[in-house]
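# Geometric and topological summary
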Amino acid sequence: MTKKYIVVDLNVLRKTSLEELVLREPRTQFVLPDVAFIELTKSEQWESTLFNSLRTLASVPHRVHAAWSVNNALQKELRSLQSVSGHMLHHEATLHLRALLSWVATGNKTAKISAILSNTESSRRALASDHLNHTHNKSTVRELVDATKRFIPSDLQKEMRSQKVARSERLDIVFDIATGLLPQILSERNASRGRAIAFMKTRPVVLRYLLTYVWYCTHWITLGGLESFLDSNVTNDTLDQQYVITASSFDDLLTEDNRAKDSFDDLTELLSRKIH
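Within each chain, residues carry numbers counting from 1 in the order of the written sequence. The model is predicted, so local features are restricted to residues of pLDDT at least 70 and side-chain atom pairs to those at 80 or more, both for listing and for counting; the totals for chains, interfaces and linings are taken over all residues. The side-chain values count all of the structure's non-hydrogen atoms but skip hydrogen atoms and water molecules.

### Things to note about unusual backbone geometry
- For L81, which is not glycine, the phi dihedral falls at a positive 55°.
- Strands here are runs of E lasting at least two residues and helices are runs of H or I lasting at least four, both read from the DSSP assignment and numbered beginning at the N terminus. Within the element layout of this structure, L81 appears in the loop between α5 (70–80) and α6 (91–106).

Have a look at this one:
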């Protein structure tokens, strides 16, 4: 039996479903994206939150891995036009993560653990400012939604808001917009259309990113826009997108968030489509 790599959403770290999976599937590996640590360390009580949330995974540290951030993967790909979607395990960060798991398992705060925690304390406020600024996040998503609307006829948008657009048709819209945008983006980096198509056929993270963001934008269009939703809810969606994009480079996403799961399932289907 081959190993199976599953990205773990924050909402299941303390759930019995994770404990059961750890015991039931001894070859399953668990992957945490960088966004998980942003969420785990956002409160003033971040150290106890981190400690208590990692208890289950601390029982199997050799099966736990850290992933490269989506932003880092995008930068690498846009610089080289080489896909990194099959190389998302971050080995150095995994060593730090497993050191934290050893602390959780034993309660022994070694000098190495203290150094890791100290570095976390110094950087967490900056990370929160970058990722947890709800007003900024909502403004950014609003701009993305408005940009997406320009690709969708107004009568079709009306049908989307009336729940008259089937899932398959909505996925067609997402696929066409994302695969149409990427060659335009790459042309600004002097990539020919042929080179862009060849790159897209490798299913890079940048394509997964575009598909996911357009998917969420069409979701917001279907709901009639962002204005009636709390800014913090929009931030939660932007964080969920990071889990979805990361998980698409592995085998599955373990989450209790229905929208994130739907997005992951749809992204998996979109990535199986032929690119012309």
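### Here's the deal with the pairing of strand β1 (residues 4–8)
- In this sheet, strand β2 (residues 28–32) lies alongside β1 in parallel orientation, the contact comprising four bridges. Bridging from a neighbouring strand, Y5 pairs with Q29 of β2.
- In terms of handedness, the path from β1 via helix α1 (residues 16–24) over to β2 forms a crossover that is right-handed.
- Strand pairing follows a simple DSSP-based rule, namely that at least 2 bridges must link the two strands. Of the strand pairs in this sheet, β1 and strand β4 (residues 252–254) are connected by three bridges, and their pairing is parallel. Among the inter-strand pairings, V8 is bridged to a residue of β4, identified as L254. A clockwise course of the path from the first strand over the helix to the second, judged with the strands pointing away from the viewer, identifies a crossover as right-handed.

### Regarding the packing of helix α10 (residues 167–187) against helix α14 (residues 258–271)
- Where α10 contacts α14, the axes come no closer than 11 Å and their chain directions differ by 65°. Relative to α14, α10 is oriented so that their crossing is right-handed. Across from R167, L171, V174 and F175 in α10, the residues of α14 making contact are D266, E269 and L270.
- When residues are grouped by polarity, Ala, Val, Leu, Ile, Met, Phe, Trp, Tyr, Cys and Pro land in nonpolar, Asp, Glu, Lys and Arg in charged, and all others, Gly among them, in polar. Along the lines of polarity and charge, the residues of the contact of α10 with α14 split into four nonpolar, no polar and three charged. Orientation is described by axes fitted as lines to C-alpha atoms, over the contacting stretch for helices, and by angles from 0 to 180 degrees between their N-to-C directions. Crossings are classed by handedness, with left-handed meaning an anticlockwise turn of the near helix from the far one by less than a right angle and right-handed meaning a clockwise turn. What makes two residues a contact is simply this: any of their non-hydrogen atoms within 4.5 Å.

### A few points about the environment of S17
- For S17, the position within the fold is in helix α1.
- For the pair formed by S17 and V141, sequence separation is 124 residues and the distance between their alpha carbons is 32 Å.
- Excluding its chain neighbours within four sequence positions, the residues that come into contact with S17 are V12 and E256.

### A short note on the packing of helix α12 (residues 205–222) against helix α13 (residues 231–247)
- Where α12 meets α13, the closest approach of the two axes is 10 Å, and the angle between their N-to-C directions is 145°. The crossing of α12 and α13 is right-handed. For the pair formed by α12 and α13, the contact residues are V205, R208, Y209, T212, Y213, Y216, H219 and W220 on the first element and V234, D237, D240, Q241, Q242, V244 and I245 on the second.
- Taken together, the residues that form the contact of α12 with α13 break down as eight nonpolar, four polar and three charged.

### Some points on the pattern of salt bridges
- For this analysis, a salt bridge means a side-chain nitrogen from Lys or Arg found within 4 Å of a carboxyl oxygen belonging to Asp or Glu. The tally for this structure, following the rule as stated, stands at 10 salt bridges.
- For the salt bridge of K15 with E256, the shortest nitrogen-to-oxygen distance reads 2.7 Å. On the criterion of sequence distance, the pair formed by K15 in the loop between β1 and α1 and E256 in the loop between β4 and α14 is long-range, its members being 241 residues apart.
- For the exposure calls, accessible area comes from a 1.4 Å probe over protein chains only, and a residue counts as buried if that area is under 20% of its type's maximum, exposed if over 50%, partly exposed in between. K15 sits in the partly exposed class, given a relative accessible area of 34%.
- Close ionic contact of R259 with D237 constitutes a salt bridge, the shortest N to O distance being 3.1 Å.

### Some remarks on the sheet that holds β2
- Taken in spatial order, the four strands make up an open sheet running β3-β2-β1-β4, and their pairing is parallel. Each end of this open sheet is capped by a strand with a single partner; those strands are β3 (64–66) and β4. Each neighbouring strand pair of the sheet contributes to a mean axis angle of 35°, computed without reference to strand direction.
- Against the sheet, α6 engages β2 and β3, with an angle of about 135° to β3.

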